[in-house]
Amino acid sequence: MKVHNRFLALTMAAMMLISTMGFVFVTSASAAGNTTAAVISASPSKISKGDDVKLKIQVTDEDINPGQKADKAEAIKKATFEFKESGSGFEPSNKGTVKFSSPQVTVDPVKTLITYSFEVENLNYNGSNKLFKCTVKIPGYPSYNLEADISDFVSSGSSGSSGSSSSSDGDPVAPSDSTQSYVVTKVYRYSNIDNTTRPGTVIFDMNDQSMIGRGDSTIRQGYYADILITVKDNSAPGGDYEIPLGSSSVLGSFTYQQGVSSIQNLTDKDAGSFTFLLEKVRYTGSRKQLAFFITGDGYKTTVDLEISECKTRSEAEAEKEEDDDTPDYSKLERATPYVIISNYGYGGGQVTAGDTFPLSLTFYNTSSVLSVNNMMITVTMPDDLMLTSSSNTFYVENLGRQETITKSMMVTAKPAAAAQSHNITVSMRYQYVDDKVEARKSAETSETIAIPVVQVDRFQATGVELDPEIYIGEESNLTVNFVNKGRSEVYNLSAEISGNINNPGQQQNLGNLASGATGTADFYITPSGEGEVTGEVTITYEDTNMVEKTITVPYNTTAIDPMAGMEPTYPGMGGDVQVPVEEPKSPMPIIIVVAVAVLIPTAVIIKKKIDKKRSEMEDADL
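Residues numbered from 1 in each chain as written. Predicted model: local features only at pLDDT ≥ 70, side-chain atom pairs only at ≥ 80, totals over all residues. Heavy atoms only, no water.

1. Here's the deal with the overall build of the chain
Line of reasoning, step 1. Regarding its fold elements, the chain presents 4 helices and 38 strands.
Line of reasoning, step 2. Out of the 622 residues in the chain, the part that is buried amounts to 40%.
Line of reasoning, step 3. In the chain, the share of contacts with a sequence separation of at least 24, taken over all contacts with a separation of at least 6, comes to 70%. (Helix = DSSP H or I, 4+ residues; strand = E, 2+ residues; numbered from the N terminus. Buried < 20%, exposed > 50% of the residue type's maximum accessible area, 1.4 Å probe, protein only. Contact = heavy atoms within 4.5 Å.)

In structure tokens, the structure reads:
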């Protein structure tokens, strides 16, 4: 009877100890494996078997990659839940199906964790155990199962045990008097180079002789450790023992992660002690507690150890060690997101002065982490371009991560626009929310795009000056007149003459011709024979785009022989030839010849001036 009373007393003490410590064992299939859940309120506040219950559950998701925290927080807001009746101490009440509220999400600005809470109603407590179970489905992330211990809210005697086990005949078996000890054998610094949190550099290894006297066995938040656990319990019945864990479980202040952590069972089946090596379990930084169950055939005991090598978050913050070589990424501000013009178009080719063309601008948010919002785009035109169908400002409410948006407008190139590339300045002012410091910030970027504008080519020849008759054996002047009526300069003018003359192929390099200017190409020609003389003058030049162009100007005249119709007289044979006596000549023919020689050049000069004046008047009309 005494043994039985002591047995019951020990059982109750173990249950109270478990309830006081508030163990929460959570099974999770999430990639991080650091999700914990706790019941923070219940209605009624003390639950009895058969009660309809409403619970409020808080979930903490730790050690999230800083670059993914904002994304996951948004995804959690859209999470759905599915009640798991199997293995739970609850079942749907008579009020209907179990209902879950939308999660309320809180993002820690400093720490790499997210906390969210939700309410569950239409539950009926059946008293089978002290666990609530559900499945969490977060869009874009693996689903995982949650288990929350409700021991703190259950009235005494109202349920089965959540922390103890039963023997084969149904009587509870309490943990017997035992001694528990541990040894930290290895400590790993964490690594997140590949955006996943895994064990990194070994900073302490008790089996490495080179680390004796210099290894640091301090276990900081996020570090991993190998811990050898020894439990002596002479009352253990013997047989096979194990530490029951899911894919991800909370071991007090440590977490066991599937694919990373492992457990070696070193227990001698026949001895009254248990030895387990927990490898690569991750420290959360909350407390210094390592706690879990050891189970066997009709046996369960609780291991609860304080790991003195642990340094809690609060201790680390108070200490503020300057020599701590662990990068504190949580305090870094987000990189500024930049908005750039990734593409722009103006219809292709070149823009002709005086034309209206569509201009499209594509804006791109380069950040893979942050969205930008409240963006004002301002387009500043140069003097020779103007907007014709819209304001020079555009508003964009939101531009997501690595997203684009296109804005279009109509632009006119002024008729007098210079033939060159014209720069348009586009500035973007916007805001973004830095979730790491929980602050709204402003940023501004500016870019310049170039629009090539060309002028219409209006270079032309205005005529040829050439006497209607020229003499064989004499040089005659030929002049080609030209004018640049366009608004841009023409370059590298040259002229070449051809035709049935004695000196074809003559060339002249005339340089550049400014807008509105006139010029001439002058040649001296000698006919190759009597009759019609024809040919052409070819003028070559380059426009503002350095495209070579050619104008051909034909000419024609008549070549005559000044000696035609005159027969010379020679001394004949067989008689004397009378040679007429030359009478004195009048000076009048000489005067006439001199006068003609003076008047002809004067007339040519006057004609050129009249043609030039007429050309200038035509330009003025343009």
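2. Things to note about helix H2 (residues 69–76)
Line of reasoning, step 1. Among the 8 residues in H2, 6 count as buried, and that is most of the element.
Line of reasoning, step 2. Among the residues making up H2, those that are buried are Lys-69, Ala-70, Lys-72, Ala-73, Ala-75 and Ile-76.
Line of reasoning, step 3. Buried residues belonging to H2 abut strand E2 (52–62), strand E6 (104–107) and strand E7 (113–125).

3. Observations regarding the packing of aromatic side chains
How two aromatic rings sit relative to each other is given by the distance of their centres and the angle of their planes.
Line of reasoning, step 1. Taken as a whole, this structure holds 12 aromatic pairs when the rule is applied.
Line of reasoning, step 2. Ring plane angle 20° and centroid distance 5.4 Å describe the contact between Phe-81 and Phe-100, whose orientation is recorded as stacked. Taken together, the residues span a long stretch of sequence, with Phe-81 in strand E3 (residues 80–83) and Phe-100 in strand E5 (residues 99–100) at a distance of 19 residues.
Line of reasoning, step 3. Taking the relative accessible area as the measure of exposure, Phe-81 reaches 14% and is therefore buried.
Line of reasoning, step 4. Judged by centre distance (6.5 Å) and plane angle (50°), the ring pair of Phe-100 and Phe-132 falls under tilted. Of this pair, Phe-100 sits in strand E5 while Phe-132 sits in strand E8 (residues 131–137); the two residues are 32 residues apart in sequence, bridging distant segments of the chain.
Line of reasoning, step 5. Cluster of aromatic residues (ring-pair linked, three or more members): Phe-81, Phe-83, Phe-90, Phe-100, Tyr-116, Phe-118, Tyr-125 and Phe-132.
Line of reasoning, step 6. Its guanidinium or amino end placed over the ring of Tyr-141, Lys-72 lies 5.1 Å from that ring's centre, counting from NZ or CZ. (Phe/Tyr/Trp six-rings, centres within 6.5 Å; stacked < 30°, edge-to-face > 60°. Lys NZ or Arg CZ within 6 Å of the ring centre and 35° of its normal.)

4. Section: the pattern of salt bridges
Where charged atoms from two side chains of opposite charge approach closely, those side chains can pair.
Line of reasoning, step 1. Applying the stated criterion to the full structure yields 12 salt bridges.
Line of reasoning, step 2. Put simply, Glu-147 and Lys-133 hold a salt bridge, and the shortest N to O gap is 3.6 Å. A residue pair is termed long-range when its members are at least 10 positions apart, and Glu-147 in strand E9 (residues 144–149) and Lys-133 in strand E8 qualify at 14 residues. Considered together, Glu-147 and Lys-133 belong to a single accessibility category, that of buried residues.
Line of reasoning, step 3. Linked by salt bridges that have partners in common, Glu-333, Asp-434 and Lys-441 make up one network. (Salt bridge = Lys/Arg side-chain N within 4 Å of Asp/Glu carboxyl O.)

5. Considering the side chain of Ser-488
Line of reasoning, step 1. Along the chain, the position of Ser-488 falls in the loop between strand E33 (476–484) and strand E34 (490–499).
Line of reasoning, step 2. Discounting chain neighbours no more than four positions away, the residues touching Ser-488 are Ala-419, Gln-455, Ser-515 and Thr-544.

6. Regarding unusual backbone geometry
Line of reasoning, step 1. In this structure, Pro-44 follows Ser-43 across a cis peptide bond, with omega equal to 5°.
Line of reasoning, step 2. The topology assignment puts Pro-44 in the loop between strand E1 (35–43) and E2.
Line of reasoning, step 3. For Asn-122, which is not glycine, the phi dihedral falls at a positive 65°.
Line of reasoning, step 4. Here Asn-122 is to be found in strand E7.
Line of reasoning, step 5. Notably, Asn-374 is not glycine yet its phi reads approximately 55°, a positive angle.
Line of reasoning, step 6. Position of Asn-374 relative to the elements: it lies in strand E25 (residues 372–380).

7. As for the environment of Val-136
Line of reasoning, step 1. Within the fold, Val-136 resides in strand E8.
Line of reasoning, step 2. In this structure, the C-alpha to C-alpha distance between Val-136 and Phe-81, residues 55 residues apart in sequence, is 4.9 Å.
Line of reasoning, step 3. Apart from residues lying up to four places away in sequence, Val-136 is in contact with Thr-80, Phe-81, Tyr-116, Ser-143, Tyr-144 and Leu-146.

8. Let's talk about the sheet that holds strand E22 (residues 339–345)
Working definition: the strands of a sheet are paired by backbone hydrogen bonds and lie parallel or antiparallel to each other.
Line of reasoning, step 1. The 4 strands are arranged E22-E24-E28-E26 in an open sheet whose pairing can be described as antiparallel. Edge positions in the sheet fall to E22 and strand E26 (385–387), since each has one partner strand and no second. The mean inter-strand angle of the sheet, taken between neighbouring strand axes irrespective of direction, is 40°.
Line of reasoning, step 2. Alignment of E22 against strand E24 (residues 356–365), held across 6 bridges, turns out to be antiparallel. Each residue of the ladder has a partner; that of Val-339, found in E24, is Asn-365. (Pairing = 2+ DSSP bridges. Axes fitted to C-alpha atoms, helices over the stretch in contact; angles between N-to-C directions.)

9. Description of the environment of Phe-90
Line of reasoning, step 1. Mapped onto the elements of the fold, Phe-90 is located in strand E4 (residues 90–92).
Line of reasoning, step 2. Overall, the relative accessible area of 0% leaves Phe-90 in the buried class.
Line of reasoning, step 3. Here the alpha-carbon distance between Phe-90 and Leu-131, two residues 41 residues apart in the chain, equals 7.9 Å.
Line of reasoning, step 4. Setting aside chain neighbours within four positions, we find Phe-90 in contact with Val-53, Leu-55, Phe-83, Glu-85, Leu-123, Asn-124, Tyr-125, Asn-126, Leu-131, Phe-132 and Ile-150.

10. Here we look at the sheet that holds strand E27 (residues 393–399)
Line of reasoning, step 1. Read across the sheet, 5 strands follow the order E23-E30-E29-E25-E27 without closing on themselves; strand pairing throughout is mixed. The sheet terminates laterally at strand E23 (351–352) and E27, the two strands that pair on one side only.
Line of reasoning, step 2. Strand direction decides the pairing type here: strand E29 (residues 421–434) and strand E30 (residues 439–454), joined by 14 bridges, are antiparallel. Note that in E30 the partner of Asp-434 across the bridge is Ala-439.

11. Observations regarding the pairing of E8
Line of reasoning, step 1. Within E8, 5 of the 7 residues are buried, leaving the element largely enclosed by the surrounding structure.
Line of reasoning, step 2. Strand direction decides the pairing type here: E3 and E8, joined by 4 bridges, are antiparallel. Paired with Phe-81 across the two strands is Val-136, which belongs to E8.
Line of reasoning, step 3. As defined by bridge partners, E8 adjoins E9 across 6 bridges and the pair is classed as antiparallel. Looking across to E9, one finds that Phe-132 is bridged to Ala-148.

12. Comments concerning the side chain of Asp-434
Line of reasoning, step 1. Summarising the element assignment, Asp-434 is placed in strand E29.
Line of reasoning, step 2. Given the relative accessible area of 0%, Asp-434 is considered buried.
Line of reasoning, step 3. Within the structure, the side chain of Asp-434 is placed 2.8 Å from the backbone nitrogen of Arg-334, a separation counted as a polar contact.
Line of reasoning, step 4. Beyond its immediate stretch of four places on either side in the chain, Asp-434 contacts Glu-333, Arg-334, Ala-439 and Lys-441. (Polar contact = N/O pair within 3.5 Å; in protein donor to acceptor, adjacent residues only side chain to side chain.)

13. Considerations on the confidence of the model for the chain
Line of reasoning, step 1. Per-residue confidence for the chain gives a mean pLDDT of 80, with 77% of residues at or over 70.
Line of reasoning, step 2. Taken together, the stretch residues 1–33 has pLDDT below 50 and engages in 68 contacts with residues farther than four places along the chain or on a different chain.
Line of reasoning, step 3. Scored below 50 in pLDDT, residues 159–176 makes 41 contacts in the model with residues more than four places away or belonging to other chains. (pLDDT = per-residue confidence, 0-100.)

14. Here's the deal with the environment of Asn-373
Line of reasoning, step 1. With respect to the secondary-structure elements, Asn-373 resides in strand E25.
Line of reasoning, step 2. Judged by relative accessible area, Asn-373 falls into the buried class, the value being 16%.
Line of reasoning, step 3. It is 6.0 Å that separates the C-alpha atoms of Asn-373 and Tyr-430, two residues lying 57 residues apart in sequence.
Line of reasoning, step 4. Among all residues touching Asn-373, those that are not within four sequence positions of it are Val-396, Glu-397, Asn-398, Tyr-430, Gln-431 and Arg-440.
Line of reasoning, step 5. There is a polar contact of 2.8 Å between the side chain of Asn-373 and the side chain of Arg-440.

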